[in-house]
Amino acid sequence: MKDSQILSTFGPTAPQTASKPSARPAPLVFDACHVGVVLRAVLFVETVMGVAALYAVDTFMAWVGLLGVLTCAALPGTLAWLVVACLLKHTLARLPAPAQYGVGSLLGALTGLYGCGLLALTGFTERSPWLASACTGALLAGLLVASLVWRARARTPAATTARLAELQSRIRPHFLFNTLNSAIALVRAEPARAETLLEDLSDLFRAALIEHGETATLDEEVALAQRYLAIEQVRFGERLRVHWELDPEAGQARLPPLLLQPLVENAIKHGVEPSAVGGELIVRTRNQGTRVRLDIINSLPPEAQKTTAQTAGHGIALANVSDRLRLLHDVEIEFSAGVRDDRYHVRITFPT
């Protein structure tokens, strides 16, 4: 293994081959190439201009006249912002969320300065409010970006449901074959143990293929992961050392179904399986009042501890884990993953 990023494909930077599924494209937040988006954006800016004009006039006709002037200054900048957002939507989609807001606000500040320049050229104001115009443009643009984010998220549940259905409908074939081979090897020597292994496998597949609701309890996720690790314990024997540090008070917290098992599966695949001496896996839960912390920690093979290069993986991606968590708990989720003290550490904090 040549990667400190242990869990699956971390993003579009991972190399793809013909036999691997392509990375899921980032949602097009800046997808402003729609008439409905343009009309709502223009109506929003016009509403703000109309309310602002009320502060400066006393009569209806004066308000109409001032609104016309402000529209001449604000409308070209708004349309320019929408055109740039449309043309650069794929480029902007690859940026992290904070950068998207930053770029959108910066473009808004530039359009605000453009509008102020138009007012200065017409001589409408004695003093050109450059700073105020830039700040107003940045604020309005930030609100437009937020509305586009909400629009993108409105399509997320269906996409996430489809990804979850795909995850539930397939478990790695080599895992099935390895498990069956382990059972065959035990049939004659230890038939009772082979029977237990097959029962665990049956329960694991039943849980993976049945129809799930929107959420599962942490206790249910832990039970499923324990079934999976019991199977892998037969395959790896003493090479796999699992430690459970479970807080009973954290068990009823809700999280997306089938979230923990793929994480421990990847931890074993990249942390235990490549090592000749095996490795250690720690699953820890902690109740922290109104929040629950879940830690999945695995040791790394010696060669993986000496490099920070990225590599491709299989199964569920870290980005997909984060998306599913944020779909359920939004900004209340804290998610981090990376190497700490020669171990790979995934930490998820979410509401109880």
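Caption draft 1: Seen up close, the overall build of the protein. Assigned secondary structure in the protein consists of eleven helices and seven strands. Residue burial in the protein is summarised as follows: out of 352 residues, 43% are buried. Of the accessible surface of the protein, which amounts to about 18400 Å², a share of 62% is contributed by carbon and sulfur atoms.

Caption draft 2: The arrangement of the pattern of salt bridges in detail. Going through the model one piece at a time under the given rule, you end up with seven salt bridges. Salt-bridge contacts for Arg193 lead to Glu190; the nearest nitrogen and oxygen are separated by 3.6 Å. Here Arg286 and Glu245 are joined by a salt bridge, their closest N and O atoms 3.7 Å apart. Within this pair, whereas Arg286 is found in strand S4 (residues 279–287), its partner Glu245 is found in strand S2 (residues 240–245), the two being separated by 41 residues in sequence. The class of Glu245 is partly exposed, set by a relative accessible area of 28%. Among the charged side chains, a salt-bridge network with shared partners connects Glu245, Arg284 and Arg286.

Caption draft 3: Representation of the sheet that holds strand S7 (residues 343–351) in the model. With respect to topology, five strands assemble into an open sheet ordered S2-S4-S5-S7-S6, the strand pairing being mixed. Unpaired on one side and paired on the other, S2 and strand S6 (334–340) mark the two borders of the sheet. On average, each strand axis in the sheet is tilted by 10° relative to the strand beside it, whichever way the strands run. Together, S2, S4 and strand S5 (291–299) form the strand contacts of helix H9 (residues 218–236), whose direction differs from that of S2 by roughly 160°.

Caption draft 4: The arrangement of helix H1 (residues 35–54) in detail. Compared with the 28 Å implied by 1.5 Å per residue over 20 residues, the 29 Å span of H1 between its first and last C-alpha is a close match. Residues Val37, Ala41, Val45, Met49, Gly50 and Ala53 constitute the buried set of H1.

Caption draft 5: Main features of the nonpolar core. Grouped together as the largest cluster of nonpolar side chains are 36 residues, with contacts concentrated most on Val264, Ile268, Leu281, Leu294, Ile296, Ile348 and Phe350. Put simply, the parts of the chain that give this core at least two residues each are helix H8 (191–209), H9, helix H10 (260–272), S4, S5, helix H11 (318–329) and S7. Among the elements that take part in this core, H9 stands out by supplying eight residues, more than any other. Discounting chain neighbours no more than four positions away, the residues touching Ile296 are Leu260, Leu263, Val264, Leu281, Ile282, Tyr344, His345 and Val346. Trp81, Ala85, Leu144 and Leu148 belong to the second-largest nonpolar core, a separate cluster that totals eleven residues.

Procedures and definitions
- Residues numbered from 1 in each chain as written.
- Predicted model: local features only at pLDDT ≥ 70, side-chain atom pairs only at ≥ 80, totals over all residues.
- Heavy atoms only, no water.
- Helix = DSSP H or I, 4+ residues; strand = E, 2+ residues; numbered from the N terminus.
- Buried < 20%, exposed > 50% of the residue type's maximum accessible area, 1.4 Å probe, protein only.
- Areas by Shrake-Rupley, 256 points an atom, 1.4 Å probe, with all protein chains shown as cover.
- Salt bridge = Lys/Arg side-chain N within 4 Å of Asp/Glu carboxyl O.
- Pairing = 2+ DSSP bridges.
- Axes fitted to C-alpha atoms, helices over the stretch in contact; angles between N-to-C directions.
- Contact = heavy atoms within 4.5 Å.
- Expected span 1.5 Å × (residues − 1).
- Core = buried A, V, L, I, M, F, W, Y, C linked by side-chain atoms within 4.5 Å.

Read these as layout, nothing more, since geometry by itself doesn't imply function.
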